[in-house]
Every structure is written in C-alpha cells, then in structure tokens.
Amino acid sequence: MEPVRNPSPVHWVDLTVGSPSENVAILVNPPTQDIKSQDLEELQEQFRQWGEPAFRVTQLLEWLYQHRATHWSAMTNLPKNLRDRLAREFTLHSLELVRRQGSRDTTRKFLWRLPDHALIESVLIPANPALYGEPSDRHTLCVSTQVGCAYGCKFCASGLEGWKRNLQPEEIVDQVLAVERADEAESANLPPLPGSSGEGPSGLRLVSNLVIMGMGEPLANYENLLKALKILNAPWGGRIGARKITISTSGLAPQIRRLALEPYQFRLAISLHGATDPTRDRIMPVNRKYPLRELIAACEFYQAQKGRMITFEYILIAGINDGLDQIQPLAELARKLCAKINLIPYNKVEGLPWERPDEETQEAFLKALSNKGVLATLRREKGHDIDAACGQLRLKTERELAA
C-alpha cells in the first residue's frame, strides 16, 4: 500500500493592489463547472460566444482526453488569453491519488480524494494472460458513481457509512484519466505494459473496458452517469466503445426501463445475488421495493429494446446463497432472459459476518448451473488480497484517519 500526494490546482486571478509592485493573488468569483463535465456541443457553443475558431475546441479536447492534462498552462498551443479565460470560467480538477494496492501486472485498486476531501475507489483489472503467456492489452476499470451508497446491501462495504453524495460527471470521467496518469507515472522506470502510454499502436487506451459497478448504485445517479459515459464513449473524448461499457444495478426497475430507451448500446448487468425473493430480501433491501417479478419484467423490456445479452452478477456467500436450492430458480431466470451468470466468490469485509464458500462449493455451484445448460463463469482470484470488495479500502482508510 503506497500513499501518494498530488494536490489539485487552485485557480487564482492576479490583481494589482496598492502600488504597482504589490501584486496579491485573490480568488475572484471561482468557477463552479469543471471543464470535463462539458460535452462537445456545450464547448462549441461556449467558444462560439467567445468568438474563438472551432478548431480551438478540438485542441482543448485533445489536451483533456489524449494528453490527460491537469493544468491549463500545459495546453501550449492554446493562446494564453484563451487559457486564462478558461481558467476563469471552468475548474480543471484532477483526482488526488491517496493509496494504491496491487502491482502493475495484477489487479490494482486506487483510492482517490475528491476536491471536497471525500474518498472513492477505482479498480483496474487486467484480462487473463494472452496466448503463450504474454501480458494482455485489455484492461477493465471498475468505476464508482457515488460517495457511499444508500441501498444498504448487507454484504457490501460501500454503504456501511451511508450515502454522502452523487459524483459529478467529471469525477466519473477522471477516474479513467487518473488511472492512466498513475500508470504512466509508475511505468516511467519500468518496462511498459501494452497500452500504458495511454493510446497504443491499436488506438486503444490503457483502459479499454469499463464496468460501472464500483461504489454506489449507478442508476441512482442517472443523469451524471449518462453525461460521463457520453464523454467517455465519444470519439472526441474517451473513445471507449459503448459495447465495452457495462452498467450494473442492484435492481432499480424504472431506471432500467429508462436506460432501455437511450440511444447507446451499453451492456447491462444485474447484481442479482439471489434467485428467489426470500434470499434477495435477506441481503438486498432494494428487493422489497422492486421484487424479482418487477426486476425481470424491466430486464425483458430492456432486452426487447436493445437485443443484447444481460449478465447476472452473483456473489457467492457461504450459507446464504450458495446452496443447490438456488440452482433451479437461477437457471430459470437465466434461460428466460438468455442471460450469462458471473459467479463471484465473496471478498471478506472487516466487521461483516459473511464468508466466501470453499472452492469445492464454488465449483459444485458452477457445475450444477452448467448441467442446466446455463452459460456461467466463476471468477477466480481477482483482487481477493487487496481489499477489493467495493468500498473496503475507503472504509479502512477513513477509520484509520478517524483513529
């Protein structure tokens, strides 16, 4: 575990006070919007109002999303008066890296400090080794959408301290950029991993896939999430394909239906964790508001609109949902939606009583599903040793700071 300090810049305006030799830095009407919350159309309109040529927007976007600039002064091909105007109108915050766990060739967890000092997490997961053992060039980033969580899943660390606030679009976007900046800095004295320069020969970023299943309930921050994903998906922004972006939800049925009507081809994952209402009721309070019948109906609507496979995320918790009595109803739900099931052994959270099943139980559960003709996979050790459960590193750090 490695503490890192990288304070965010503060924007000041220099005013002459008193004699010409007395220059005092005074913060005047600080900007409230971050530049990375703006989409192409908004920036084009702003630059049009300023009388700036359209190509300046292209230059700005290249600095933000290809070079991952964190200071206006770095944008050297923009005129100084334009940079000064941008600094007056917009913030350019970047996430502050507080802690990092894992090594460059394994799953890595990042703990970030936001401008208001709240903490969030991101997890970078490399794909399995490629043929002949070469490192894979595909990296999936698990992204947070809220500080804390209001939905109170009994096994999850994210909501143990309650819900604090939604993340803004730029705070979601910058998790991708900040991970790439951190990897680039770390690789300065190490042999590079494929894609570690941000954009490799194939045109892909270090982060090639996104799963929106970090801290928080993504669909409870719907507007900000969609704005951020629009930026990360856009050819002028993150350039991450929509089909490489998976949005996870604990089961907010109305928002699933709303998402189905969006023009984007994002993938949908359901944090199911139980194949019957009694099982889900026990560990997921959201099921009392949107029970399985309503959730599955929303998924059917989504599938009818998108024509895409849905994934069921299913955390195996010893003595709770790992019994063979869950196999038949789980298989029926999967067949009804032609869904894939992703089995995930539980990551132990300090202070919670839940445990992961032993490997024999995990394998038996997988085999029983396969025997039912269901497509299922078992995730084997992707971060069990790095506080990889959602919110776990944040919770540990906050308790250490409080102590």
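Worth saying up front: this structure is predicted, and the values here are computed from it rather than measured.

1. Digging into the overall build of the protein
When its secondary structure is counted, the protein shows 12 helices and 16 strands. Each of the 403 residues in the protein was classed as buried or not, and the buried ones make up 54%. Of all intrachain contacts in the protein linking residues separated by at least 6 positions in sequence, the fraction that spans at least 24 positions is 67%. Accessible surface computed for the protein: about 18200 Å², of which carbon and sulfur atoms make up 52%.

2. Here's the deal with the nonpolar core
One broad rule of soluble globular proteins: the nonpolar side chains tend to lie buried together. Core analysis: the biggest nonpolar cluster contains 109 residues, and Leu60, Leu86, Leu210, Phe312 and Ile341 have the highest contact counts within it. When sequence neighbours within four positions are dropped, the list of residues in contact with Leu60 reads Ile35, Leu43, Phe47, Trp72, Met75, Leu78 and Leu86. Grouped together as the second largest cluster of nonpolar side chains are six residues, Val123, Cys142, Met213 and Ala269 included.

3. Structural notes on the packing of helix α5 (residues 222-233) against helix α6 (residues 253-260)
Interhelical geometry of α5 versus α6 gives an angle of 30° and a closest axis separation of 12 Å. Viewed along their axes, α5 and α6 form a crossing whose handedness is right-handed. Judged by residue contacts, Tyr222, Glu223 and Leu226 of α5 engage Gln255, Arg258 and Leu259 from α6. Of the residues belonging to the contact of α5 with α6, the class tally is three nonpolar, one polar and two charged.

4. Let's talk about the environment of Ala364
Mapped onto the secondary structure, Ala364 falls in helix α11 (residues 359-371). The sequence separation of Ala364 and Asp322 amounts to 42 residues, and the corresponding C-alpha distance is 9.4 Å.

5. Re unusual backbone geometry
The backbone of His273 sits at a positive phi, close to 60°, despite the residue not being glycine. In this structure, His273 sits in the loop between β13 (267-271) and α7 (277-283). Relative accessible area serves as the criterion here: at 4%, His273 is assigned to the buried category. Here the phi dihedral of Cys338 falls at roughly 50°; this positive angle occurs in a residue that is not glycine.

6. Quick word on the pattern of salt bridges
The tally for this structure, following the rule as stated, stands at 18 salt bridges. With a closest N to O distance of 2.9 Å, Asp174 and Lys36 form a salt bridge. Of the two residues, Asp174 is situated in helix α4 (residues 169-186) and Lys36 in the loop between β3 (33-34) and α1 (40-50); the sequence distance between them amounts to 138 residues. With relative accessibility at 1%, the residue Asp174 sits in the buried group. Taking relative accessible area as the criterion, Lys36 reaches 1% and is therefore assigned buried. Lys109 is the salt-bridge partner of Glu121, the closest N and O atoms lying 2.8 Å from each other. Separated by 12 residues along the polypeptide, Glu121 in strand β7 (residues 119-126) and Lys109 in strand β6 (residues 108-113) bring together distant segments of the chain. This pair shows no difference in class: Glu121 is buried, exactly as Lys109 is. Through salt bridges that share partners, Arg68, Glu180, Glu184 and Arg205 make up one connected network.

7. Details of the packing of α6 against helix α9 (residues 292-306)
Two numbers describe how α6 lies on α9: the axes approach to 9 Å, and their chain directions differ by 5°. With respect to each other, α6 and α9 are oriented roughly parallel. Note on element contacts: α9 touches α6 through Glu294, Leu295, Ala297, Ala298, Cys299, Phe301, Tyr302, Gln305 and Lys306, opposite Ala253, Ile256, Arg257, Leu259 and Ala260. Partitioned by chemical class, the residues of the contact of α6 with α9 number 10 nonpolar, one polar and three charged.

8. So, the confidence of the model for the protein
Of the residues in the protein, 81% have a pLDDT of 70 or more, and the chain-wide mean is 86. In the predicted structure, residues 4-26 sits below a pLDDT of 50 and forms 39 contacts with residues beyond four places in sequence or in another chain. Here residues 191-203 is a poorly scored stretch, pLDDT under 50, and it has 26 contacts once near neighbours within four places are set aside; other chains count.

9. Quick word on the side chain of Asp322
Checked against the element boundaries, Asp322 lands in the loop between β14 (311-316) and α10 (327-337). Buried and without a salt bridge, Asp322 has Arg282 as its closest oppositely charged side chain, separated by 8.9 Å. A polar side-chain atom of Asp322 sits 3.0 Å from the main-chain amide nitrogen of Gly319.

10. Concerning the sheet that holds strand β12 (residues 245-249)
Strand pairing in a sheet takes place through backbone hydrogen bonds and is either antiparallel or parallel in direction. Within the open sheet, the 10 strands sit side by side as β5-β6-β7-β8-β11-β12-β13-β14-β15-β16. Their pairing is mixed. Strands at the two margins of the open sheet, each flanked by one partner only, are β5 (96-101) and β16 (376-378). Strand-to-strand twist across the sheet, computed as the mean angle between neighbouring axes with direction ignored, equals 20°. Here β7 runs beside strand β8 (residues 139-142); their pairing, made up of four bridges, is antiparallel. Bridging across to β8, Pro126 finds its partner in His139.

11. Here's the deal with the pairing of β14
Burial analysis of β14 places six of its six residues in the buried class, the great majority of the element. Every second residue of β14 is oriented toward a common face, with Thr311, Glu313 and Ile315 on one face and Phe312, Tyr314 and Leu316 on the other, all of them buried. Alignment of β14 against strand β15 (residues 340-345), held across six bridges, turns out to be parallel. In the sheet register, Phe312 faces β15, and the bridge partner there is Ile341. Of the crossover connections in this fold, the one passing from β14 over α10 to the parallel β15 is right-handed.

Reading the values: the criteria
Residues numbered from 1 in each chain as written. Predicted model: local features only at pLDDT ≥ 70, side-chain atom pairs only at ≥ 80, totals over all residues. Heavy atoms only, no water. Helix = DSSP H or I, 4+ residues; strand = E, 2+ residues; numbered from the N terminus. Buried < 20%, exposed > 50% of the residue type's maximum accessible area, 1.4 Å probe, protein only. Contact = heavy atoms within 4.5 Å. Areas by Shrake-Rupley, 256 points an atom, 1.4 Å probe, with all protein chains shown as cover. Core = buried A, V, L, I, M, F, W, Y, C linked by side-chain atoms within 4.5 Å. Axes fitted to C-alpha atoms, helices over the stretch in contact; angles between N-to-C directions. Left-handed = near helix turned anticlockwise from the far one by under 90°. Nonpolar A, V, L, I, M, F, W, Y, C, P; charged D, E, K, R; others polar. Salt bridge = Lys/Arg side-chain N within 4 Å of Asp/Glu carboxyl O. Parallel < 35°, antiparallel > 145°, perpendicular 65-115°, else oblique. pLDDT = per-residue confidence, 0-100. Lys, Arg positive; Asp, Glu negative; His and termini not counted. Polar contact = N/O pair within 3.5 Å; in protein donor to acceptor, adjacent residues only side chain to side chain. Pairing = 2+ DSSP bridges. Right-handed = clockwise from strand over helix to strand, strands pointing away.

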